[in-house]
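Inside the fold
This is what each chain is made of:
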Amino acid sequence: QIAETLPYIHKIVSRKLGKRYRNSVEDVKQRVFLKLWRWRRGNPEKNLSKEEWQKLAHVVSINAVIDFFKKKDNRLIPFSQMNQEIEREVFSIE
């Protein structure tokens, strides 16, 4: 079940981290995978449906992204600079 959710986890993590932190996507995905794997080993009697497993993966992914930002250097940047970065990300065509 974990392997089936890897594309879903990648989508959540990469969207939440954005282009600015794209180098950290793999690290956060690995943390999510390990948490889910440990949960699965610790709860072998629980048989989750595909939807329940995806909900669990979603919650763990979001929490991993939150943990990532808590550990980052939380310097404040000027609003004008933040606006420019957002516009670059939204309007860039790759």
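The structure contained in this document is the topic of the report that follows.

On the surface, a cluster of nonpolar side chains totalling about 320 Å² of accessible area is made up of Leu6, Phe33, Leu34 and Trp37. When residues of the nonpolar patch are assigned to their parent elements, the largest contribution, 3 residues, is made by helix H2 (residues 25-42). Note that Phe33 resides in helix H2. Note on Phe33: relative accessible area 32%, which makes it partly exposed.

Contact geometry for helix H1 (residues 2-17) and H2: axes closest at 9 Å, N-to-C directions at 140 degrees. Between H1 and H2, the angle is such that the two are oblique. Taken as a pair, H1 and H2 cross one another with a handedness that is right-handed. Together, Ile2, Leu6, Ile9, His10, Val13, Ser14 and Leu17 of H1 and Val25, Glu26, Val28, Lys29, Val32, Phe33, Leu36, Trp37 and Arg40 of H2 make up the contact between the two elements. The residue makeup of the contact of H1 with H2, split by class, is 11 nonpolar, 2 polar and 3 charged.

Glancing now at the nonpolar core. Inside soluble globular proteins, nonpolar side chains tend to come together where they are buried. Ranked by size, the top nonpolar core spans 14 residues in total, and within it Ile9, Val13, Leu17, Val28, Val32, Leu36 and Val65 carry the most contacts. Those elements that place two or more of their residues in this core are H1, H2 and helix H3 (50-71). With 6 residues, the top contributor of residues to this core is H3. Val65 has contacts with Val13, Lys16, Leu17 and Val28, leaving out every residue within four places of it along the chain.

Under the counting rule described, the total for this entry stands at 4 aromatic pairs. Ring plane angle 80 degrees and centroid distance 5.4 Å describe the contact between Tyr21 and Phe68, whose orientation is recorded as edge-to-face. Placement of Tyr21 in the loop between H1 and H2 and of Phe68 in helix H3 is noted, with a sequence separation of 47 residues between them. For the ring pair Trp39 and Trp53, a centre distance of 5.8 Å and an interplane angle of 55 degrees mean the geometry is tilted. Pair noted here: Trp39 is in helix H2 and Trp53 is in helix H3, with a separation of 14 residues, a long-range link. Given the relative accessible area of 2%, Trp53 is considered buried. Of the aromatic side chains, those joined through ring pairs into one cluster are Tyr21, Phe68 and Phe69.

Attention now moves to the packing of H2 against H3. Between H2 and H3, the shortest axis-to-axis distance is 9 Å and the interhelical angle comes to 135 degrees. Taken together, H2 and H3 sit at an angle that is classed as oblique. Of the two elements, H2 crosses H3, and the hand of that crossing is right-handed. Counted together, Val28, Val32, Lys35, Leu36, Trp39 and Arg40 of H2 and Trp53, Leu56, Ala57, Val60, Ser61, Ala64, Val65, Asp67 and Phe68 of H3 form the full contact between these two elements. Of the residues in the contact of H2 with H3, the class split is 11 nonpolar, 1 polar and 3 charged.

Quick notes on the rules
- Residues numbered from 1 in each chain as written.
- Predicted model: local features only at pLDDT ≥ 70, side-chain atom pairs only at ≥ 80, totals over all residues.
- Heavy atoms only, no water.
- Patch = residues over 30% accessible without salt bridge, like charges linked within 9 Å, V, L, I, M, F, W, Y side chains within 5 Å.
- Areas by Shrake-Rupley, 256 points an atom, 1.4 Å probe, with all protein chains shown as cover.
- Salt bridge = Lys/Arg side-chain N within 4 Å of Asp/Glu carboxyl O.
- Helix = DSSP H or I, 4+ residues; strand = E, 2+ residues; numbered from the N terminus.
- Buried < 20%, exposed > 50% of the residue type's maximum accessible area, 1.4 Å probe, protein only.
- Axes fitted to C-alpha atoms, helices over the stretch in contact; angles between N-to-C directions.
- Parallel < 35°, antiparallel > 145°, perpendicular 65-115°, else oblique.
- Left-handed = near helix turned anticlockwise from the far one by under 90°.
- Contact = heavy atoms within 4.5 Å.
- Nonpolar A, V, L, I, M, F, W, Y, C, P; charged D, E, K, R; others polar.
- Core = buried A, V, L, I, M, F, W, Y, C linked by side-chain atoms within 4.5 Å.
- Phe/Tyr/Trp six-rings, centres within 6.5 Å; stacked < 30°, edge-to-face > 60°.

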